[in-house]
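Spelled out, the chains give:
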Amino acid sequence: CAACHGSNGEGGVGPPFVGLFGSERVIEDELEPVIADREYLARSIADPQAQIVAGFRLRMPENNLSPEEIESVVDYIVELADAGTDE
């Protein structure tokens, strides 16, 4: 994940994880933005081509993560929701 999303989740060629959970995401070819909730995150990891964030040309590769591993990644992204804020 770090190669594209940054070593600390700050982003790079892929969208940042920091502040992602609960935010609005603009998806290619969709009129309405979506909220990056747990369901969205899990689906995006399990099926990387399902809802591609607008503006990111590099496509996330397919992976063989188990449901438990996906849940761990989602937990990590949730933890980063407030990273870098003063709250």
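Scroll up a little and you will see the structure.
The shown structure was predicted, so the numbers you read here are calculated from the model rather than taken from an experiment.

Draft legend 1. Just the layout of surface pockets, in detail. Quantified by volume, the largest pocket comes out at close to 550 Å³. In terms of lining, the largest pocket is formed by 27 residues, of which the most central are His 5, Pro 15, Phe 17, Ser 44 and Met 60. Residue assignment for the lining of the largest pocket shows that the elements contributing at least two residues are helix 1 (2-5), helix 2 (38-46) and helix 3 (67-79). In terms of residue count, helix 2 provides more of the lining of the largest pocket than any other element does, four residues in total. By residue class, the composition of the lining of the largest pocket is 20 nonpolar, five polar and two charged.

Draft legend 2. Layout of the side chain of Ser 44. Note that Ser 44 resides in helix 2. Assessed through its relative accessible area of 16%, Ser 44 is described here as buried. Other than its neighbours up to four places away in sequence, Ser 44 contacts Gln 51 and Met 60.

Draft legend 3. Structural view of the nonpolar core. The biggest cluster of nonpolar side chains holds 14 residues, and the ones touching the most others in it are Leu 20, Tyr 40, Leu 41 and Ile 77. For this core, the elements supplying multiple residues, two or more each, are helix 2 and helix 3. Among the elements that make up this core, the one with the highest residue count is helix 3 (four residues). Ignoring any residue separated from it by four or fewer positions in sequence, one finds Leu 20 in contact with Arg 25, Ala 36, Leu 41 and Ile 77.

Draft legend 4. Quick look at the environment of Asn 63. Here Asn 63 shows up in the loop between helix 2 and helix 3. Looking at Asn 63, the relative accessible area reads 26%, which means it is partly exposed. Sequence-wise, Asn 63 and Ile 45 are 18 residues apart; in three dimensions their C-alpha atoms are separated by 8.0 Å. Residues in contact with Asn 63, not counting those within four places in the same chain, are Ile 45 and Pro 48. A polar contact is formed between the side chain of Asn 63 and the backbone oxygen of Ile 45, at a distance of 2.8 Å. At a separation of 3.1 Å, a polar atom in the side chain of Asn 63 contacts the main-chain amide nitrogen of Leu 65.

Draft legend 5. Local environment of the pattern of salt bridges. As enumerated under the stated definition, the model contains three salt bridges in all. Glu 28 is paired through a salt bridge with Arg 59; the nearest N and O atoms lie 3.3 Å apart. You can see Glu 28 sitting in the loop between strand 1 (24-25) and strand 2 (34-35) and its partner Arg 59 sitting in the loop between helix 2 and helix 3, a full 31 residues away along the chain. A relative accessible area of 38% places Arg 59 in the partly exposed class. One salt bridge connects Arg 38 with Asp 75, and the closest N-O pair in it is separated by 2.4 Å.

Calculation rules
Residues numbered from 1 in each chain as written. Predicted model: local features only at pLDDT ≥ 70, side-chain atom pairs only at ≥ 80, totals over all residues. Heavy atoms only, no water. 1 Å grid on protein atoms, 1.4 Å probe; cavity = no way out; pocket = protein on both sides within 12 Å on 5 of 7 lines; lining within 4 Å. Points joined across faces, edges and corners; volume = space filled by probe spheres on them. Helix = DSSP H or I, 4+ residues; strand = E, 2+ residues; numbered from the N terminus. Nonpolar A, V, L, I, M, F, W, Y, C, P; charged D, E, K, R; others polar. Buried < 20%, exposed > 50% of the residue type's maximum accessible area, 1.4 Å probe, protein only. Contact = heavy atoms within 4.5 Å. Core = buried A, V, L, I, M, F, W, Y, C linked by side-chain atoms within 4.5 Å. Polar contact = N/O pair within 3.5 Å; in protein donor to acceptor, adjacent residues only side chain to side chain. Salt bridge = Lys/Arg side-chain N within 4 Å of Asp/Glu carboxyl O.

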